[in-house]
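One-letter residues, chain by chain:
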Amino acid sequence: MGDFNAKLGKRPPSDCHSVSYAGSHSRGHRNYSGQTLADFASSNYLFACNTAFQHRAEHITTWTGWRHNPSGGPPLPIYNQIDYILCRHSERFVVTDARSYAGTSLESDHRLVLANLNLTKLYKKLKRPPVAISSNAKFNISEFSDPTKKAKYREAINEHLQDLGREQEGVNAEQHLQYIVNAMSEAANTSVGRVPKTNKTHRNGFSGEIEKLAAEKRKLRLDITVCRDGTKVKEMKTRRNRLAHQIRRECLKLASTRLDERVAEIDQMKDDAKMFKATRLLRRQQQSPVVVEDSDGKLIAQPSESVEALRQHFRAIFCDPALESSRLLRTEEDLKNPIKQPEVHAAAKHLNNGRASGPDGIPAELIKYGTPALFSNIATTFNNYAKDKSLKLGDGLLIPIPKPGKKRGPPGNVRLATLLNTLRKLLSLVILTRVQPAINGYLSLNQSGFQSGRSTGDVVYSYRWLSARCQRVASEISILGIDMSKAFDTISRVRLIDILSTVIDHDELHIIQCLLTDTTIKVKLNNILSQPLVTHNGTPQGDSLSPVLLTVYLEAALRLIRERLSPRPALDIQLQLPNETAYADDLAQDRRKWKELMCAVSNG
């Protein structure tokens, strides 16, 4: 509530807001501040209470001003409605009346605005029955830490897969894949179950003991307000203070336990990953909600319209109309070297725990803790995937995340978190293991990203070596840094397949071509899914193979540039200076050759 100095006025017919922010009993004509308040209220699902009830005009206006009388008489009064009480649009039903009152004892040109609430309706709304566990609830994968539950899951998997083995003759490739997914889901339901959704969630994750103490403290606080016995009040206050100190000690103990768990988690990681994990935990912040603006720069209030606006934005990036009719043609052929069960088992060990599942709803733990029978059936699915076009693993979900330091609203200021099917991630790991030796031989030593035994430490060491070299020979070195925008999203898949055909074997090339064909994405925002969108450009991020494909694509581009550049200066060769350093899509070049580099890039 407040003195907004905004005139909402009557809602004009051309109002484009889909959320009702005002009633039909407002007064006057809207001014600029009123339009700003209307946009704010509609975007935040708020409603102006004192515009919804019919009263006399003097009980609707909230401010009285005076203007000059052209006839020379006393000043003429001006009556406006510029003060409002706002409430949540979903809770406007608790407001039974709202109006203004004149004649207050304070000297003010504003009138008092009051709203009456019937909180009984709100209590009935909040008192909901317990929510039943739905089939869409997440699996309780934390139960896999219990060896008994893990063994029970494996036994259930084997039982389901035995039934599949007896019915194998009449099952096609698509049905075989669906049977495996259902087997994992049913086995997880019987062994670890699903996480129930509760009506009350605790942001700080308090334990049950702390909740009991807090409930007792709340009860004591209410008893103190109604008790008239001074002795009992004193005893209850003493008990309440003791509970407050006990809750504080329990909270400190819980926070200390969480810190110990995080430290233990960091200690179990490799030395080169400890610093990054610790930094990520220390800098973790609550994610800001995603807001979307339209082409006119106005915020979109409806979640469904926001999802559609993001879909159209990503359609312009990932969909190329020129490639609509000439997409990658996926061939059907058997693999000369079929994927075997040990390969799937080895790749499953590298799946990360605690990651969000894709459209299939299968977390990585259901595959990682599987049995040899499960890995054998998955290997059969992968081999069928190479020869059956009806079998698709290319579905994905796009989760928009606001970029830090960027203005919220424009669709271009969001980064994407892509959730892919877990089986696709597993197949990418299998193919990555096969092609890694050939790709390592293709990439130059300047590339330090996504290679075994290489990291950002190599780039840091190169810069330190250059700094020491400058100090020793008293020379100056200028470095040009290039950070490519939308590197993953702008890759030409046809060109990428042509490059890979000269690097890797035919079987692996065929699987990668299948993974890049018929890829479909859906934008997900506030649990609302958009219509599917078939993509033609880029490599789907979210698996371990896409970054490696990016480095191959970049290496091919750099080779073309190196061929067009003139020979390096003799001084660079004499000082043994590296020509370039790269980590993924970040590139550093000798600045003396930047003009030639830009010319080469602009010429293709």
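It should be emphasised that the depicted structure is a prediction, and the values quoted were computed from it without experimental measurement.

Let us look at the nonpolar core. Counting 67 residues, the largest nonpolar core has M184, I367, I378, L426, L427 and I512 as the members making the most contacts within it. With near-sequence residues (within four places) excluded, I512 lies in contact with I431, I497, L500, I504, L545 and L549.

Below, the discussion takes up the packing of helix α11 (residues 372-385) against helix α12 (residues 422-442). The contact between α11 and α12 brings their axes to 11 Å, and the two run at 85°. Taken together, α11 and α12 sit at an angle that is classed as roughly perpendicular. Along the contact surface, α11 presents I378, F382 and Y385, while α12 presents L423, L426 and L427. Residues that form the contact of α11 with α12 fall into these classes: 6 nonpolar, no polar and no charged.

The next thing to look at is the packing of aromatic side chains. The tally for this structure, following the rule as stated, stands at 4 aromatic pairs. Relative to Y369, the ring of F144 lies with its centre 5.2 Å away and its plane at 50°, an arrangement referred to as tilted. Of this pair, F144 sits in the loop between α2 (119-126) and α3 (147-166) while Y369 sits in the loop between α10 (364-368) and α11, placing them 225 residues apart in sequence. You'll find F144 and Y369 in the same group, each marked buried. Measuring from ring centre to ring centre gives 6.2 Å for F450 and Y583, while their planes differ by 35°; the resulting arrangement is tilted. Of this pair, F450 sits in the loop between α12 and α13 (456-473) while Y583 sits in strand β15 (residues 580-583), and the two are 133 residues apart along the sequence. Each member of the aromatic cluster is reached from another via a ring pair, and the members are F144, Y153 and Y369. Looking at R194, its charged tip hangs above the ring of F139, at a distance of 4.1 Å from the centre. When the ring centre of Y442 is taken as origin, the NZ or CZ atom of R559, which lies over that ring, is 4.0 Å away.

Cut-offs and rules
- Residues numbered from 1 in each chain as written.
- Predicted model: local features only at pLDDT ≥ 70, side-chain atom pairs only at ≥ 80, totals over all residues.
- Heavy atoms only, no water.
- Core = buried A, V, L, I, M, F, W, Y, C linked by side-chain atoms within 4.5 Å.
- Buried < 20%, exposed > 50% of the residue type's maximum accessible area, 1.4 Å probe, protein only.
- Contact = heavy atoms within 4.5 Å.
- Axes fitted to C-alpha atoms, helices over the stretch in contact; angles between N-to-C directions.
- Helix = DSSP H or I, 4+ residues; strand = E, 2+ residues; numbered from the N terminus.
- Parallel < 35°, antiparallel > 145°, perpendicular 65-115°, else oblique.
- Nonpolar A, V, L, I, M, F, W, Y, C, P; charged D, E, K, R; others polar.
- Phe/Tyr/Trp six-rings, centres within 6.5 Å; stacked < 30°, edge-to-face > 60°.
- Lys NZ or Arg CZ within 6 Å of the ring centre and 35° of its normal.

Worth remembering: the numbers are spatial, not functional.
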